[in-house]
Amino acid sequence: MSSKADTRIETMRAPYVVVDDFLPLDAAEAMRLDIDTHFGNYGSHRPETHQVWNYWFVPGLYAYLRTTPEKLIRPDRVESFMQVLRRWSAAALGLQEVTWPYLSLYVSGCRQNLHNDSANGRFAFVYSLTRDRRMTSGGETLVLNEGDLFRNNVATAQNAAGFYTSIEPRFNRLVVFDDRMPHGVERVDGSMNPVEGRFVMHGHIRDRGAIVSGALTEQQVGAVVMEALIDFSAGALSRIRLYHGPVVFRLFIGANGVVKSCAVLLDRVTATDANDTGWPKMLSNLIAKFTALKFPEGSGETTVTQPVLMGTSLFRPDH
Ligand SMILES: [Fe+2]
């Protein structure tokens, strides 16, 4: 391949992504059956098996029930879900750290008011085990639109759909969104029966260094990538702090150590000043620096997925 700008990979720039039918249906249904079994057979409820819910109540903000999923769902099923999610996250986002989830239950009256999780991770994930046919309404994940909700609408009558996206908690649906986006959960109303409520497993996705596969080792790759990052930050020191968020590169390296192509897998870098237009140029500069790197020769090709975090330390080699 002669071209170094790899256009085969589409860059993810959206603030959220919805993946329906995330798990094989039988895996999702087995987890749901564990939940239904937990709530059934009332006579067999015991303190050690059923006093497991934390009523997570923060005045004006949160009201729902949460627990660790293995208390209801067979642990190997939760682990299988996590493996699929880790693989998906590494492939789609280039981020490989996924926190162990909570299992949350929203019955009538439960909700989350608007907040962000800017300090908790790079992305949030919400995987739904809510029944598609249920005796409740609400429970949608709400993600506010990007941009200035006031200025972008001063001359246009606007309502809910114009200000935020409302994502139904469909069974076996994964929702992943930028943790910095203001978000919440629509209040659930209707039946008090827990099996009719909103069940989700949720947590956060973070960067944890480069993902390296192929001939070269992480150490061999890390030392060379660091050169590009040091060089880049030395040349753009005063401007780096104008930006915030993750950008992830995918490098294809030939056996001779030459970079064959550099794709941008994810770009969620945001200028803190809405009028700033300098990021595309900085991004090109970073791509040029990665493309010019010379890695050690190896016994074959190597693929490197490298997250870079703007607005925090660029140098997080092992975290
Ligand atoms: Fe949140």
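The structure under discussion appears in the preceding block.
Residues numbered from 1 in each chain as written. Predicted model: local features only at pLDDT ≥ 70, side-chain atom pairs only at ≥ 80, totals over all residues.

(A) Examining the nonpolar core more closely. Core analysis: the largest hydrophobic core is formed by 65 residues, its most contacted members being Phe123, Phe125 and Val176. In this structure, this core is formed jointly by two domains, domain 1 (16-206) and domain 2 (211-310), each of which donates at least three residues. Excluding its chain neighbours within four sequence positions, the residues that come into contact with Phe123 are Leu93, Leu95, Val176, Phe177, Asp178, Asp179, His204 and Ile205. (Core = buried A, V, L, I, M, F, W, Y, C linked by C-beta atoms within 7 Å. Buried ≥ 20, exposed ≤ 12 C-beta atoms within 10 Å, placed from the backbone. Domains from an automatic or database assignment. Contact = placed C-beta atoms within 7 Å.)

(B) Structural detail: helix H5 (residues 218-235). Helix length check: H5 (18 residues) gives 26 Å between terminal C-alpha atoms against 26 Å at 1.5 Å per residue, within 8%. Those residues of H5 that fall on the buried side of the exposure criterion are Val221, Val225 and Ala228. For H5, the buried positions fall inside an angular range of 50° around the axis, keeping them on one side. In H5, the exposed positions angled more than 90 degrees off the buried face are occupied by Gln219, Ala223 and Ala234. Each element contacted by the buried residues of H5 is listed here: strand E15 (211-214), helix H7 (279-291) and strand E19 (302-310). (Helix = DSSP H or I, 4+ residues; strand = E, 2+ residues; numbered from the N terminus. Expected span 1.5 Å × (residues − 1). Arc of directions from axis to C-beta.)

(C) Highlighting H7. With 13 residues, H7 should reach 18 Å at 1.5 Å per residue; the first-to-last C-alpha distance of 18 Å fits that figure. Within H7 the residues assigned to the buried category are Met282, Leu286, Ile287 and Phe290. Along the axis of H7, the buried positions cluster into a sector of 140°, meaning they face one direction only. Opposite its buried face, H7 presents the exposed residues Pro280, Lys281 and Ser284, each directed more than 90 degrees away. Against the buried residues of H7 lie H5, helix H6 (237-240), strand E16 (243-253) and strand E17 (259-267).

(D) The arrangement of the environment of Leu174 in detail. Topologically, Leu174 is positioned in strand E11 (residues 174-178). Given 21 C-beta atoms within a 10 Å radius, Leu174 is considered buried. Among residues more than four places away in sequence, those in contact with Leu174 are Val19, Phe22, Phe125 and Tyr127.

(E) Seen up close, the environment of Ile253. Looking at the element boundaries, Ile253 is found in strand E16. Here the alpha-carbon distance between Ile253 and Ala30, two residues 223 residues apart in the chain, equals 42 Å. Filtering out sequence-adjacent residues up to four positions away, Ile253 remains in contact with Leu216, Val259, Lys260, Phe295, Glu301, Thr302 and Val304.

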